[in-house]
Amino acid sequence: MLTKEKQAPELLDKVKTISGAEALLIALLEEEVDTIFGYPGGAIMPIYDALYDYRDRLNHILVRHEQGGIHAGQGYARSSGKAGVVFATSGPGATNLVTGLADALIDSTPLVCITGQVFAHLLGTDAFQETDIVNITTPVTKWNYQVTDASEIPDAVAKAFHIARSGRPGPVLIDIAKNAQIQKFDFKGYTSCKHIRSYRPKPIVRQEYIQQAAELINNAKKPFVLWGQGVMLGSAEQEFKTFIEKAGIPAAWTIMGAGALPSDHPLNVGMLGMHGNYGPNVLTNECDVLIAIGMRFDDRVTGRLDKYAKQAQVIHLDIDPSEISKNVKATVPVWGDCKETLPMLTELIEATAHTEWLEKFRRYEQEEIKEVIQDELFPATGEITMGEVIQQLNELTKGEAIVVSDVGQHQMVACRYAKLNHTRSNITSGGLGTMGFALPAAIGAKFGALDRTVVAVIGDGGFQMTLQELGTIMQSGVDVKILILNNQFLGMVRQWQELFQDKRYSFVDITSPDFVTVASGYGIAGKSISEREGLKEALQEMLSHKGSFLLEVMVTKENNVFPMVPQGSSVSEIRLK
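The sections below set out a description of the structure shown in this document. (Residues numbered from 1 in each chain as written. Predicted model: local features only at pLDDT ≥ 70, side-chain atom pairs only at ≥ 80, totals over all residues. Heavy atoms only, no water.)

## Details of the pattern of salt bridges
All told, the structure shown has 21 salt bridges when counted by the stated rule. In this structure, Arg532 engages Glu388 in a salt bridge whose closest nitrogen and oxygen atoms are separated by 2.7 Å. Separated by 144 residues along the polypeptide, Arg532 in the loop between strand S19 (525–529) and helix H23 (535–544) and Glu388 in helix H16 (residues 386–397) bring together distant segments of the chain. For Glu388, a relative accessible area of 3% translates into the label buried. (Salt bridge = Lys/Arg side-chain N within 4 Å of Asp/Glu carboxyl O. Helix = DSSP H or I, 4+ residues; strand = E, 2+ residues; numbered from the N terminus. Buried < 20%, exposed > 50% of the residue type's maximum accessible area, 1.4 Å probe, protein only.)

## What to know about helix H21 (residues 491–500)
Think of an α-helix as 3.6 residues a turn; residues three or four steps apart then line up on the same face. Within the span of H21, buried status applies to Gly491, Met492, Arg494, Gln495 and Gln497. If you follow the buried residues of H21, they end up packed against helix H17 (409–417). In the stretch just after H21, Asp502 is the one whose phi turns positive, near 55 degrees. (Contact = heavy atoms within 4.5 Å.)

## A few points about the side chain of Asp103
Mapped onto the fold, Asp103 is located in helix H5 (residues 98–106). Among buried Asp, Glu, Lys and Arg side chains, Asp103 stands out as unpaired, with Arg78 the closest opposite charge at 5.4 Å. A polar contact of 2.8 Å, which involves the side chain of Asp103, links it to the side chain of Gln74. Excluding residues that lie within four positions of it along the chain, Asp103 makes contacts with Gln74, Ser429, Leu432, Thr434 and Phe437. (Lys, Arg positive; Asp, Glu negative; His and termini not counted. Polar contact = N/O pair within 3.5 Å; in protein donor to acceptor, adjacent residues only side chain to side chain.)

## A short note on the packing of aromatic side chains
Under the counting rule described, the total for this entry stands at 14 aromatic pairs. Seen in terms of ring centroids, Phe37 and Tyr76 are 6.1 Å apart; in terms of plane orientation they differ by 65 degrees. Their pairing is edge-to-face. A residue pair is termed long-range when its members are at least 10 positions apart, and Phe37 in strand S2 (residues 35–38) and Tyr76 in helix H3 (residues 66–80) qualify at 39 residues. The same class applies to Phe37 and to Tyr76, which are both buried. Here Tyr48 and Phe87 contribute two aromatic rings whose centre-to-centre distance is 5.9 Å and whose plane-to-plane angle is 80 degrees, an arrangement assigned as edge-to-face. With Tyr48 in helix H2 (residues 45–51) and Phe87 in strand S4 (residues 84–88), the pair connects residues that are 39 residues apart, well separated along the chain. We note that Tyr48, like Phe87, is buried. (Phe/Tyr/Trp six-rings, centres within 6.5 Å; stacked < 30°, edge-to-face > 60°.)

## Things to note about unusual backbone geometry
Between Phe562 and Pro563 the backbone carries a cis peptide bond, its omega angle lying at 0 degrees. Positive phi values are uncommon outside glycine, yet Lys503 reaches one of about 60 degrees. With respect to the helices and strands, Lys503 occurs in the loop between H21 and helix H22 (515–521).

## A few points about the packing of helix H9 (residues 207–219) against helix H14 (residues 338–348)
The contact between H9 and H14 brings their axes to 9 Å, and the two run at 50 degrees. Considering their axes alone, H9 and H14 lie oblique with respect to each other. Note on packing geometry: the crossing formed by H9 with H14 is right-handed. Here Gln207, Ile210, Gln211, Ala213, Ala214, Ile217 and Asn218 of H9 lie close against H14, whose contacting residues are Thr341, Met344, Leu345 and Leu348. For the contact of H9 with H14, a count of residues per class yields 7 nonpolar, 4 polar and no charged. (Axes fitted to C-alpha atoms, helices over the stretch in contact; angles between N-to-C directions. Parallel < 35°, antiparallel > 145°, perpendicular 65-115°, else oblique. Left-handed = near helix turned anticlockwise from the far one by under 90°. Nonpolar A, V, L, I, M, F, W, Y, C, P; charged D, E, K, R; others polar.)

## Quick look at the side chain of Glu376
Of note, Glu376 is situated in helix H15 (residues 355–377). Although Glu376 is buried, it forms no salt bridge, and the closest oppositely charged side chain is Arg416 at an N-O distance of 7.8 Å. Sequence-distant contacts of Glu376, defined by excluding residues within four places in its chain, comprise Thr385, Met386, Gly387, Glu388, Tyr417 and Asn559.

## Topic: the sheet that holds strand S6 (residues 143–147)
Pairing in this open sheet of 6 strands is parallel, and the strands run S3-S2-S4-S5-S7-S6 from one edge to the other. Lying at the two open borders of the sheet, with one neighbouring strand each, are strand S3 (59–62) and S6. Looking at each pair of strands side by side, their axes are set apart by 20 degrees on average, direction ignored. Taken together, the 7 bridges between strand S5 (residues 111–117) and strand S7 (residues 171–177) define a ladder with parallel strand orientation. From the neighbouring strand, Gln117 faces S7, where its bridge partner is Ala177. (Pairing = 2+ DSSP bridges.)

Right, here's the structure in full:
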């Protein structure tokens, strides 16, 4: 069931006969889409033909690979808060979206992907570039649908946007047969969707659970808040800040939640997880009440579940009931959108200051600074470290930039040390860990936030997985700062091989091209440095340059990211070295 909300003004007075392709574009405009990332092909050609007449209203970014297109759509969604829109053709074009769909599903990123498909009468005949993309993508989409008649397109698009953006966001895919794109039909106007029978994006908030949670918090001596991306997805940053400030509770973040609270907020005690901060990990197993907000207790956060926070009573706030008690048993499950539940909870809690408990986090922080952070951020001798690059970047951006990181050691270093003053400033592939994510995601992030500086922090391995998207930068003219931290290794795998496999470095020593020369071939300015003395000046040159710029920094080859919770260990068994 679709609920009527608005219609295109020019279509209110009369029915128009238009093609399915044009109906799609009108629907996108009605959903306030302004940017599309895509790559044309045979089965989606009618849509691209119709798009020719809409170039003044829809900005289409021609990517160099469909995977680059969907990662760009993710970056756009994460920086703008809107749904990313991606076009691809049938067959290999559609299957090239699968990694990005899986990434977006696990990281709750709203995407609407449109794929072309062969003519309906050819379905099931193994026609040229025919692939059953609906069945292929069913496990990695929130919803998908195949259109074989043009009249289905408006309702399908309305439903897609509603599902992608509502509740726990995620990717959807509409597969449109070529005949439906060409077919003319009587278009009666576009009706946006606000309700679908049997789809309940927000669970009913139960007041008794809010009261139980407030009672636990009010009686707690050592409460601890863990927050994730759900705070940002619910646009509840202010509600969250108000809650922890009234309660006086130390709060730590997952990498997907970074930025919802400014890095320098006095109650922000750092990062959770395998490479998170010392105090938040150790003290998880000392708190008496653990309050999880918009996070899903991923294994990289919990370590061994049978040794995770067994002493604590757990309050879990989440919009997705399936996440509550999935990994960590909740004492009090608080179902609902945290934009709604946090104010209800804040109203019932007492204003408190857990000074001694917070001080314990600070003592662990000082120990971590002494044992790890000082040498990582401010090394006096030796080769450049990844941490000091991020520290110097912080000094220049003052926490105002969007940082898009790839996957590996540099990702953990960027997430640990990047200063973030604003929400939606940390963009990375969290759940899936997709190497090659950062460059196209940074392109999308810039289109989603044109007024902000976007810095892509990438390793030498991940960069080579999607470097063809330099062509997208060249053609679109988008301004992205590319910072390659080159340790000449697949660094995270090498670290594990060093620590747990007796330094048996099996196929992790990677040879790379001259990245500056590669960039210059795409008309992108660049520079490579290996000496500490030139680091700050080079970073300033990158940030000040008009247009995109690639800076390669040669960093120490065999530096490890610490602290670290070894796989199979408890979070309280975190290693500083």
